[in-house]
Amino acid sequence: MAARIKMTSLIPRNLSVVIRPVQHRDLDGLERLSQESFAEHTPKKANFAINQMQWLRRWYGLLKFLSLFPNPLKYRLCAYVAEQGRTLLGMIQVSPFNRTRSTWRVERVMLDRTADKQGIGSQLLRHCFESILEARTWILEVNINDKEALALYRQNGFQRLAEMTYWEIAPSLLEELASSEPDLPNLLPVSNADAQLLYQLDTASMPPLVRQVFDRQTQDFKTSLFGALIDAVKQWVSKTEVVSGYLFEPQRKAAIGYFQLSLDRKGQQPHVATLTVHPAYTWLYPELLSQLARIAQDVPKQPLQLASADYQPEGEEYLEQIGASRREHTLIMSRSVWHKVRESKFVSLEGIQLPEVLQGLQPARKPIPGGMSWEQPRKPQLPERKLKTSGESISFSRNNCNVEPPSKPESTDAKPE
């Protein structure tokens, strides 16, 4: 009996790990993995994971349908699971980071407690690297204190790119900031016509290495009609409002500051803001934060959350100066992937010569006439030949053998030919 139990316990271990796209029958296992992954973190993150799983159960059919054709939500359900037998050992979720899909982002990796986290996590990451061929660069964001995740990502070639700090401004501090009126004379609303200005601002606000990894283009700052409809429906369902604007410099004809504020009108979630400032105009941080605080006074009082990068030290110094509290410190890591592409010689149509193109259409040898003909071959007619003399020309013909007499009699002294 003991030998039989030992043999049955070894069967699942001998089965190979299969990595496949997520299916509807995996939702129960994914909920278990999410609870185990976020159990050791703060209760706020655990509640967020539970809400995400409930949202996924509700909209799984629609997301699966939208993944069949191009749309802004096509890659919202791009996830893979690692399965051994009938047991889920892990899940990875990825999505494109830019519009050209040259850079992809690892959204999250969830692993079973009893599984080999380094082995299963590496298989999931490698599967994404090999199956998504359009991705040239991968990025992810991980908590700086999560040692197991850092070890997993470093083992698979991820390197440090930048550090992010997430801040929270209390409602009382927002009231103090809103008391001062900001000096923003050229504050304009954002539209698709301003995409080029926002792209130039985003390029100037980050170092070259980060800019190369993010690989954003002008179209990343535009909103399509379908995307605008989706955002409107999302704001109506979640009772949120998004306000954005940028500061225009007329002398340089460039954008020097940008903000986007997501307001929660229900008063249950904190407000979230995104702030970008040109490195040559760091004095805009107090003015833009005062503008954000004044906008947030029209909705229920909630704290304001925003992030700052380590390559923007002036923003972090100002947030520390006004008394904002640090909530999380994360690390952005990146990895390049090079796929072997079949080499092809580039041929320009302008340099192609017509004889070279028609050379393959010319016959390889002289054609030989074939077939039989009942007609008798015709004798070729000889052309008339003229013989020049000293005075007149005499014409010879095949049909007429006589010599045409000249119009004038020849002299007796002329030598006949």
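In the block above lies the structure referred to throughout.
Conventions we followed
- Residues numbered from 1 in each chain as written.
- Predicted model: local features only at pLDDT ≥ 70, side-chain atom pairs only at ≥ 80, totals over all residues.
- Heavy atoms only, no water.
- Core = buried A, V, L, I, M, F, W, Y, C linked by side-chain atoms within 4.5 Å.
- Buried < 20%, exposed > 50% of the residue type's maximum accessible area, 1.4 Å probe, protein only.
- Helix = DSSP H or I, 4+ residues; strand = E, 2+ residues; numbered from the N terminus.
- Contact = heavy atoms within 4.5 Å.
- Axes fitted to C-alpha atoms, helices over the stretch in contact; angles between N-to-C directions.
- Parallel < 35°, antiparallel > 145°, perpendicular 65-115°, else oblique.
- Left-handed = near helix turned anticlockwise from the far one by under 90°.
- Pairing = 2+ DSSP bridges.
- Patch = residues over 30% accessible without salt bridge, like charges linked within 9 Å, V, L, I, M, F, W, Y side chains within 5 Å.
- Areas by Shrake-Rupley, 256 points an atom, 1.4 Å probe, with all protein chains shown as cover.
- Salt bridge = Lys/Arg side-chain N within 4 Å of Asp/Glu carboxyl O.

S.K.: How should the nonpolar core be read in this particular structure?
M.R.: Soluble globular proteins tend to bury their nonpolar side chains together. By size, the foremost hydrophobic cluster in this structure holds 31 residues, and its most contacted members are Ile169, Leu275, Leu284, Leu289 and Ile322. It is helix H10 (residues 284-296) that provides the largest number of residues to this core, a total of eight residues. Residues contacting isoleucine 322, with those up to four places away along its chain left out, are Ile169, Leu173, Leu177 and Leu289. Core analysis: the next-biggest nonpolar cluster, separate from the first, contains 29 residues, Cys78, Ile92, Val142 and Phe158 among them.

S.K.: Whenever I open this one, the packing of H10 against helix H11 (residues 313-322) confuses me. Can you help?
M.R.: Each pair of packed helices can be described by the angle between their axes along with the distance between the axes. Taken N-terminus to C-terminus, the directions of H10 and H11 make an angle of 60 degrees; their axes are 10 Å apart at the nearest point. On the basis of the axis angle, H10 is oblique to H11. Viewed along their axes, H10 and H11 form a crossing whose handedness is right-handed. Every residue of H11 that contacts H10 at Tyr285, Pro286 and Leu289 is listed here: Glu314, Gly315, Tyr318, Leu319 and Ile322.

S.K.: What's the story with the sheet that holds strand E3 (residues 87-96) in this structure? I'm lost.
M.R.: Within the open sheet, the 12 strands sit side by side as E1-E2-E3-E4-E5-E12-E6-E11-E10-E9-E8-E7. Their pairing is mixed. Each edge of the sheet is formed by a strand with only one pairing partner; in this case those strands are strand E1 (18-21) and strand E7 (187-189). The sheet shows a mean angle of 25 degrees between the axes of neighbouring strands, taken without regard to direction. Pairing geometry for E7 and strand E8 (residues 240-249), over three bridges, is antiparallel. By the bridge assignment for E8, leucine 188 is matched with tyrosine 246. Where helix H9 (residues 225-238) meets the sheet, its contacts fall on E8 and strand E9 (254-264), and the angle it forms with E8 comes to roughly 130 degrees.

S.K.: Is there a simple way to explain a nonpolar patch on the surface in this structure?
M.R.: A cluster of nonpolar residues, Trp59, Leu62, Phe65, Leu68 and Phe69, forms a patch on the protein surface that exposes about 520 Å² of accessible area. As for its position among the elements, phenylalanine 65 is in helix H3 (residues 43-66).

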